[in-house]
Amino acid sequence: MFDQLPAAVAAFDAASSLGAVAGRLLLGAVVGVAAAVVMAIPMWRQDEGFTPAYVAAAVVRRTSPDEVSFGDANAVHHAAGGLAGVLYAVAYLATDAVAPDLGVAGVDLPSHLVATAVVVAFIYVAFARFVLPRAGRRIYEERATAVRGQWLRSSLVFGATLLVLAPVVFTGVA
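Thresholds applied
- Residues numbered from 1 in each chain as written.
- Predicted model: local features only at pLDDT ≥ 70, side-chain atom pairs only at ≥ 80, totals over all residues.
- Heavy atoms only, no water.
- pLDDT = per-residue confidence, 0-100.
- Helix = DSSP H or I, 4+ residues; strand = E, 2+ residues; numbered from the N terminus.
- Patch = residues over 30% accessible without salt bridge, like charges linked within 9 Å, V, L, I, M, F, W, Y side chains within 5 Å.
- Areas by Shrake-Rupley, 256 points an atom, 1.4 Å probe, with all protein chains shown as cover.
- Salt bridge = Lys/Arg side-chain N within 4 Å of Asp/Glu carboxyl O.
- Buried < 20%, exposed > 50% of the residue type's maximum accessible area, 1.4 Å probe, protein only.
- Core = buried A, V, L, I, M, F, W, Y, C linked by side-chain atoms within 4.5 Å.
- Contact = heavy atoms within 4.5 Å.
- Axes fitted to C-alpha atoms, helices over the stretch in contact; angles between N-to-C directions.
- Parallel < 35°, antiparallel > 145°, perpendicular 65-115°, else oblique.
- Nonpolar A, V, L, I, M, F, W, Y, C, P; charged D, E, K, R; others polar.
- Phe/Tyr/Trp six-rings, centres within 6.5 Å; stacked < 30°, edge-to-face > 60°.

1. Quick word on the confidence of the model for the protein chain
Here is step 1 of the chain: For the protein chain, the average pLDDT comes to 80, and 80% of its residues sit at 70 or higher.
Here is step 2 of the chain: When pLDDT is averaged over each helix and strand of the protein chain, the minimum, 66, is found for strand E1 (residues 103-104) and the maximum, 92, for helix H3 (residues 70-98).

2. Re a nonpolar patch on the surface
Here is step 1 of the chain: Together, Leu109, Leu113, Leu163 and Val164 make up a nonpolar patch on the protein surface, roughly 340 Å² of accessible area in all.
Here is step 2 of the chain: For the nonpolar patch, the secondary-structure elements that each account for two or more residues are helix H4 (109-135) and helix H5 (137-170).
Here is step 3 of the chain: As for its position among the elements, Leu163 is in helix H5.
Here is step 4 of the chain: What makes Leu163 partly exposed here is its relative accessible area of 38%.

3. Re the nonpolar core
Generally speaking, soluble globular proteins have nonpolar side chains that are buried together.
Here is step 1 of the chain: In this structure, Tyr88, Val119 and Phe158 are the most contacted members of the largest nonpolar core, which totals 34 residues.
Here is step 2 of the chain: Mapped onto this core, the elements with two or more residues apiece are helix H1 (5-45), helix H2 (51-61), H3, H4 and H5.
Here is step 3 of the chain: Setting aside its immediate chain neighbours within four residues, Tyr88 contacts His112, Ala115, Thr116, Val119, Leu162, Ala166 and Phe170.

4. Observations concerning the pattern of salt bridges
If charged atoms from side chains of opposite charge come close, those side chains can pair.
Here is step 1 of the chain: Overall, the coordinates contain one salt bridge when judged by the stated rule.
Here is step 2 of the chain: Between Asp72 and Arg61 there is a salt bridge, and its shortest N-O distance comes to 3.4 Å. With Asp72 in helix H3 and Arg61 in helix H2, this residue pair connects regions lying 11 residues apart in the sequence.

5. Some words on unusual backbone geometry
Here is step 1 of the chain: Non-glycine residue Arg62 carries a positive phi angle of around 55°.
Here is step 2 of the chain: Inspection of the secondary structure puts Arg62 in the loop between H2 and H3.

6. Remarks on the side chain of Thr95
Here is step 1 of the chain: By the secondary structure assignment, Thr95 is in helix H3.
Here is step 2 of the chain: For Thr95, a relative accessible area of 13% translates into the label buried.
Here is step 3 of the chain: Dropping the residues within four chain positions of it, Thr95 is found in contact with Pro110, Ser111 and Val114.

7. Things to note about the packing of H2 against H3
Here is step 1 of the chain: Between H2 and H3, whose axes approach to 8 Å, the crossing angle comes to 90°. In terms of axis orientation, H2 runs roughly perpendicular to H3. From H2, Ala53, Tyr54, Ala56, Ala57, Val60 and Arg61 reach across to H3, where they touch Phe70, Asp72, Ala73, Val76 and His77.
Here is step 2 of the chain: Of the residues contributing to the contact of H2 with H3, the split by class is eight nonpolar, one polar and two charged.

8. A closer look at the environment of Val168
Here is step 1 of the chain: Turning to its location among the elements, Val168 is positioned in helix H5.
Here is step 2 of the chain: Along the sequence, Val168 and Val31 sit 137 residues apart, while their C-alpha atoms lie 9.7 Å from each other.

9. Section: the packing of aromatic side chains
Here is step 1 of the chain: What the rule picks out here adds up to two aromatic pairs.
Here is step 2 of the chain: When the ring of Phe127 is compared with that of Trp151, the centres are 4.9 Å apart and the planes differ by 40°; the resulting orientation is tilted. Remark: Trp151 occurs in helix H5 and Phe127 occurs in helix H4; sequence separation between them is 24 residues.
Here is step 3 of the chain: A residue is classified by how much of its surface remains accessible, and Trp151, at 10% relative accessible area, is buried.

Right, here's the structure in full:
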């Protein structure tokens, strides 16, 4: 019976590690949705408004941005925020596995900064280079530069929110 104890301890450690990873991913999604909420505030204040959310929802619905309801645009915007938060958690964990630990207030600073930069770059490039040209044909032809500029500013707000909120939420999570 006692000869099986090391295997049981190893299985428990693996389950604990898996639980910690799942917890990080879930917290990442929560932080991502919160950042999407904060990001929506300056989006509304810009000339193009919520246009990026309508364009993204049009890709999901396989329709034109003009046919997308506000509810659909809002849902896709916040779901994308949650997915970006999960990407943050994955990038954080991957960087944390290879980068030296320079913890500040319970958060590994290099991992946090790299993960935030990865997310901001990803959400900007994914929208500006893939989503906008695909769904926003009319928008793309008429005002792509303005929409991309707005999306860059909005992406930076998302990143700034991650910079502040992620350490607060992640502190104390193994």
